[in-house]
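# Coordinate inspection notes
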Amino acid sequence: MNEWTSLPVCRKDWIDSPPFAIHRNLVARHLPLVVVNFCGKQRGYLWTHTPAHGQTLFLTGLNVRWLTEKSWRNPMGSDAVVDSETLVLPFSAEHRCDLLVSPDHFLLIRQFHQETLNQLNMLATYLEAASVVLLWPSGREILHVYACSDSTPRLQVKSFPAGSGLLGALKERPEFLLAPYPASAPALPYYPQAPRPGSFYACRVGIRANSENSASPLPLLCVDRPETKPWSGSEMVMIKCAAEQISTSLNLHGELLLADFERKILQQSFEGLKLLNSSLTLESVYSAAVAALQMIVAADLIAFGKITVDSVTLQHLDSALAPPAATPYPLADSLVGQAVKYRCILPDGGNNSGRTPVVNGLTLFDGFPSLLVVPLGQDRSPISGVLLVAGRKPGLFSRRCRDLIEMISAQVTIRLELAHSHEQINQLTVTDGLTGIANRRAFERALEVMHTRALRRDSAFSLIICDIDLFKKINDSCGHPFGDHVIQQVATEMKTLVRSGDLAARIGGEEFAVLLEDTDKKGAAEVAERLRDRVEKKKIYHQGHPWPVTISIGVAAFPGDTGDTEKLINYADQALYRAKKSGRNRVVCWNT
């Protein structure tokens, strides 16, 4: 990501922060993120495309600048120009989470700026003022020039300490006036080299003139004029009414933006839920859930865990950190255990004190001051999983954010249970119900895949087909339940012997097959012989007496015997037939 990141204008909280300071934070997918804080209500936004009107904001650190123009003109034809080397607007922003922000917000913000300019120009005309300037605070330290009347001389200073020069007199007052302006008085800090005014008046914007609440810096409306005559009562009322109108307009535009942001929050939540509802497999549900959560919170770590009776095992981790091994960790003495036990989201407010381990025996979640542990389970059903969302930024989870995460986690719970059921159904379609190994359908699919891979890699694989000797006699003499038991015991030996990349399958009543990848005929014959020997030596009892069980095996190899899969099955089957005819309990390879 470049140092400068394109970003549209966002709303700000003029009470707490600089009129237009925005944090940039990059999450795992390197997205520019912004969170809006308006009158204590945090909302987050993710910008995705170039704003309209040919204007582009760029952000670095906490300073927002216009880079496409030296200055920004309002859209209604006024000659007033805001020098935007550091453009300030009365909507502060700080990063908490990420949601889409529309470039249409330019219209509201520029409309507010235009209305402010109109107020300042009307004041300048009515009062015959030399300048009317609106100053906006940045925290408790800095004042920025937000707007000024058309009559205002060219500004020499655009930002300065809040108590600079003459404005320091406003520290304990809601308003301040000088008429005439003494020669010994300090210069106005926003154009200190300009001629001294004849009279000066300033009042705060956002509180009434008689309010005593002046400890925190508030926007200032400053008026000066060449005449030295005193300010009349009607003139001061006019200035205060303009300040009140600016404050009212700010609140109105703020609420309009907030309503639009709320709509986008819901829209993004619905998009996340739509993504969840289209997921069927466990992995796709996890991925969709992470994507949905990232639409509402810029978390540094998102994890899902599977809950058993007394332990939790991490199933999915979305983080730049290295994932831990799939090890069960005890629920006791941990936040996860408490969340599961009491079926509630912990810790309170999403603030992690670090006094209790998140997962007992796992340090992965250490160092995250913001954390939510969300148990996943439907009403009156045991808790089957847990969602963990963590961030390095303190206070990451606002109340609204926690509500949205809880809503999404409820849907995740349903989708996970459906995905588990879906996987179980899929497993039934490829698994033999009696033995638990692959069935014929899975064998045929695996043979096709292995054949394609061998062709692509120019490698070998082999096929083993085996059959339980004299199985009809077993059923006739001992009954079908014992016959099923024998089949299960042979399947157990096959599962024990084959490698993870191979496949053991039951393809008929007492007939089995084994696919051995990257194995030639000689290697397959050795595996077949070990299997035959293990079955022969296995003690299988019927009514307390040992019953001898043996198998006959046929082996064929690709490409040594044939390059065609149907012929490969046929050759292995014929080799099995020869093993039966030769006395059973033996291994026969094709073409030997």
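Residues numbered from 1 in each chain as written. Predicted model: local features only at pLDDT ≥ 70, side-chain atom pairs only at ≥ 80, totals over all residues. Heavy atoms only, no water.

## Details of the overall build of the chain
Across its full length, the chain holds ten helices and 25 strands. Counting over 592 residues, the chain shows a buried share of 52%. In the chain, of all internal contacts separated by at least 6 residues, the share reaching a separation of at least 24 is 65%. About 27100 Å² of surface is accessible on the chain, with carbon and sulfur atoms providing 52% of the total. (Helix = DSSP H or I, 4+ residues; strand = E, 2+ residues; numbered from the N terminus. Buried < 20%, exposed > 50% of the residue type's maximum accessible area, 1.4 Å probe, protein only. Contact = heavy atoms within 4.5 Å. Areas by Shrake-Rupley, 256 points an atom, 1.4 Å probe, with all protein chains shown as cover.)

## Brief notes about unusual backbone geometry
Backbone torsion omega between Leu346 and Pro347 reads -10°, so that peptide bond is classified as cis. The linkage connecting Phe558 with the following residue, Pro559, adopts the cis geometry, with an omega of 0°. Structurally, Pro559 can be placed in the loop between strand E24 (551-558) and helix H10 (565-581). Positive phi, normally seen in glycine, also occurs at Glu128, with a value near 50°. The residue Glu128 is located in the loop between helix H1 (105-127) and strand E8 (131-138) in this model.

## Some points on the packing of helix H6 (residues 440-457) against H10
Two numbers describe how H6 lies on H10: the axes approach to 11 Å, and their chain directions differ by 120°. Taken together, the axes of H6 and H10 are oblique relative to one another. Taken as a pair, H6 and H10 cross one another with a handedness that is right-handed. Contact with H6, carried on its side by Phe443, Leu447 and His451, involves Thr565, Leu568 and Ile569 of H10 and no other residues of that element. Among the residues forming the contact of H6 with H10, the class breakdown is four nonpolar, two polar and no charged. (Axes fitted to C-alpha atoms, helices over the stretch in contact; angles between N-to-C directions. Parallel < 35°, antiparallel > 145°, perpendicular 65-115°, else oblique. Left-handed = near helix turned anticlockwise from the far one by under 90°. Nonpolar A, V, L, I, M, F, W, Y, C, P; charged D, E, K, R; others polar.)

## Details of the sheet that holds strand E10 (residues 159-161)
Read across the sheet, six strands follow the order E10-E9-E8-E13-E12-E11 without closing on themselves; strand pairing throughout is antiparallel. Of all the strands in the sheet, the pair left with one neighbour each is E10 and strand E11 (175-178). In this sheet, adjacent strand axes meet at a mean angle of 20° when their direction is disregarded. Across four bridges, E11 lies against strand E12 (residues 199-204) in antiparallel orientation. Residue Phe176 lies in a different strand from E12, and its bridge partner there is Ala202. (Pairing = 2+ DSSP bridges.)

## A few points about the environment of Pro161
Looking at where Pro161 falls in the secondary structure, it is placed in strand E10. Given the relative accessible area of 47%, Pro161 is considered partly exposed. Separated by 28 residues in sequence, Pro161 and Pro189 place their C-alpha atoms 9.0 Å apart. For Pro161, the residues in contact, after removing those within four places along its chain, are Glu141 and Ile142.

## Digging into helix H7 (residues 471-478)
Listed as buried for H7 are Phe471, Ile474, Asn475 and Cys478. The buried residues of H7 occupy one face: seen down the axis, they fall within an arc of 100°. The exposed set on the far side of H7, more than 90 degrees from its buried face, consists of Lys472, Lys473 and Asp476. If you follow the buried residues of H7, they end up packed against strand E19 (461-468), helix H8 (480-497) and strand E22 (541-542). (Arc of directions from axis to C-beta.)

## Remarks on the pairing of strand E15 (residues 311-319)
For a regular strand, the rule is simple: side chains alternate between the two faces of the sheet. Counting buried residues along E15, seven of its nine residues qualify, which places the element largely inside the surrounding structure. Linking strand E14 (residues 301-307) back to E15 in an antiparallel pair, the connection comprises three residues. Bridging between E15 and strand E16 (residues 329-330) involves two bridges; their strand directions are antiparallel. Following the sheet pairing, Val312 is matched in E16 by Tyr329.

## Focus: the packing of aromatic side chains
Scanning the entire structure with this criterion turns up eight aromatic pairs. Taken together, a centroid distance of 6.2 Å and an interplanar angle of 55° make the contact between Tyr201 and Trp231 tilted. Highlighted residues: Tyr201 in strand E12 and Trp231 in the loop between strand E13 (220-225) and helix H2 (233-277), separated in sequence by 30 residues. Through a chain of ring-to-ring contacts, three or more aromatic side chains come together here, namely Phe112, Trp136 and Tyr146. Just above the ring of Trp231 sits the side chain of Arg225; from NZ or CZ to the centre is 3.9 Å. (Phe/Tyr/Trp six-rings, centres within 6.5 Å; stacked < 30°, edge-to-face > 60°. Lys NZ or Arg CZ within 6 Å of the ring centre and 35° of its normal.)

## Brief notes about the pairing of strand E9 (residues 142-148)
Among the seven residues in E9, six count as buried, and that is most of the element. Bridging between E8 and E9 involves six bridges; their strand directions are antiparallel. Among the inter-strand pairings, Ser138 is bridged to a residue of E9, identified as Ile142. Bridge count between E9 and E10: three bridges; the pairing is antiparallel. Paired with His144 across the two strands is Ser159, which belongs to E10.

## Quick word on the nonpolar core
In this structure, Ile464, Ile468, Val490, Met494, Phe512, Ile551 and Ile553 are the most contacted members of the largest nonpolar core, which totals 30 residues. Looking at this core, the elements with two or more residues in it are E19, H7, H8, strand E21 (511-517), helix H9 (521-537) and E24. Of the residues forming this core, the biggest block, seven residues, is contributed by H8. Apart from the residues within four sequence positions on either side, Met494 is in contact with Cys466, Ala504, Phe512, Ala513, Val514 and Leu531. Core analysis: the second largest hydrophobic core is formed by 27 residues, Leu282, Tyr286, Ile302 and Ile408 among them. (Core = buried A, V, L, I, M, F, W, Y, C linked by side-chain atoms within 4.5 Å.)

## Comments concerning the confidence of the model for the chain
For the chain, mean pLDDT is 77; residues scoring 70 or higher make up 76% of the total. Per-element averaging of pLDDT across the chain places strand E5 (residues 63-66) at the bottom with 28 and E24 at the top with 97. Below pLDDT 50 for its whole length, residues 1-89 participates in 282 contacts with residues either more than four positions away or in separate chains. Segment residues 208-215: pLDDT under 50, and eleven contacts once partners within four positions in sequence are set aside and those in other chains are kept. (pLDDT = per-residue confidence, 0-100.)

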